[in-house]
Amino acid sequence: MLASAGAALVLAGFFSDWFDGTAEFAAQDFSGFDLARLIRNLEIVRPEDEGKLRVAAVVMYMMPALAVNAGVLAWPPAHPLLSLATSSLAAVYAAILLAALLLLSATGLTDLGGVLGAPEGGFWASVVGVLSLAAAATLQLRSRAAPAVRE
């Protein structure tokens, strides 16, 4: 149940506003989907980086896909080990992606810092979803590790 709720939050957050645009993008908010689409569309102006940009877009699109798979496998947990592995993978994958985006938007390491502003509600919903997926995986792991109580 917790993994399904976390997956729903990650999915809803991905299509909601993640970052507020700054400078010439002040009138634009960016969702996770918008960022992935912008990366994919950069192939038009940067054909020499076509392969890298396509991989970066796929990396972005994989975050909600993994979360949805974790949510589906957790309800009902017909295969607990597969559910545990998928929840863990989705949580780690999304946490790394969100942390990287937060770092890139908050620092001057790339030009992205001048385009993306502060994180917004959709970003934080995705973070809560990731925490829920991680909590679900932790609870599943604990229940598997706990010795069976016999009467």
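Residues numbered from 1 in each chain as written. Predicted model: local features only at pLDDT ≥ 70, side-chain atom pairs only at ≥ 80, totals over all residues. Heavy atoms only, no water.

Peer 1: Looking at this model, I keep getting lost on the packing of helix 3 (residues 50-73) against helix 4 (residues 80-106). Mind explaining?
Peer 2: Angle between the axes and distance between the axes: these two values describe a pair of packed helices. Where helix 3 meets helix 4, the axes come as close as 8 Å, and the angle between the chain directions of the two elements is 150°. In this view, helix 3 runs roughly antiparallel relative to helix 4, as classed from their interaxial angle. Between helix 3 and helix 4 lies a crossing of left-handed hand. Contacts from Val58, Val59, Met60, Met62, Met63, Leu66, Ala67, Asn69, Ala70 and Leu73 of helix 3 reach helix 4 at Leu82, Ser83, Thr86, Ser87, Leu89, Ala90, Tyr93, Ala94, Leu97, Leu98 and Leu101. (Axes fitted to C-alpha atoms, helices over the stretch in contact; angles between N-to-C directions. Helix = DSSP H or I, 4+ residues; strand = E, 2+ residues; numbered from the N terminus. Parallel < 35°, antiparallel > 145°, perpendicular 65-115°, else oblique. Left-handed = near helix turned anticlockwise from the far one by under 90°. Contact = heavy atoms within 4.5 Å.)

Peer 1: Help me understand the sheet that holds strand 2 (residues 29-31), please; the structure alone is not making it clear to me.
Peer 2: Remark on secondary structure: sheet strands pair via backbone hydrogen bonds, oriented parallel or antiparallel. The 3 strands lie next to each other as 2-1-3, forming an open sheet whose pairing is antiparallel. Both outer strands of the open sheet, strand 2 and strand 3 (116-119), are each paired with one neighbouring strand and no more. Strand-to-strand twist in this sheet, taken as the mean axis angle between neighbours without regard to direction, amounts to 40°. Relative to strand 3, strand 1 (residues 17-21) runs antiparallel, the two being bridged by 2 bridges. Counterpart to Gly21 in the pairing with strand 3 is Leu116. Contacting strand 1, strand 2 and strand 3, helix 2 (residues 32-41) runs over the sheet at an angle of about 90° to strand 2. (Pairing = 2+ DSSP bridges.)

Peer 1: Mind showing me how you'd approach the packing of aromatic side chains here?
Peer 2: Each aromatic ring pair is characterised by the separation of its centres together with the angle its planes make. Taken as a whole and judged by the stated rule, the model has 7 aromatic pairs. On the numbers, 5.1 Å between centres and 90° between planes, the contact of Phe123 with Trp124 is edge-to-face. What links up through ring pairs into an aromatic cluster is the set Phe14, Phe15, Trp18, Phe19, Phe33, Tyr61, Phe123 and Trp124. (Phe/Tyr/Trp six-rings, centres within 6.5 Å; stacked < 30°, edge-to-face > 60°.)

Peer 1: Looking at this structure, I do not really get the nonpolar core. What am I missing?
Peer 2: Nonpolar side chains tend toward joint burial in soluble globular proteins. In terms of nonpolar packing, the biggest core is built from 27 residues, with Trp18, Phe19, Leu35, Met60, Met63 and Leu133 touching the most fellow members. Residue assignment for this core shows that the elements contributing at least two residues are helix 1 (2-15), strand 1, helix 2, helix 3, helix 4 and helix 5 (121-145). Of the residues forming this core, the biggest block, 6 residues, is contributed by helix 4. (Core = buried A, V, L, I, M, F, W, Y, C linked by side-chain atoms within 4.5 Å. Buried < 20%, exposed > 50% of the residue type's maximum accessible area, 1.4 Å probe, protein only.)

Peer 1: Help me understand the pattern of salt bridges in this model?
Peer 2: Opposite charge on two side chains permits pairing when their charged atoms draw close. Tallied over the entire structure, the rule returns 1 salt bridge. Arg37 is the salt-bridge partner of Asp34, the closest N and O atoms lying 2.8 Å from each other. Of the two residues, Asp34 and Arg37 are both situated in helix 2; the distance of 3 residues between them amounts to about one turn of the helix. Of the residues examined, Arg37 reaches a relative accessible area of 33% and is grouped as partly exposed. (Salt bridge = Lys/Arg side-chain N within 4 Å of Asp/Glu carboxyl O.)

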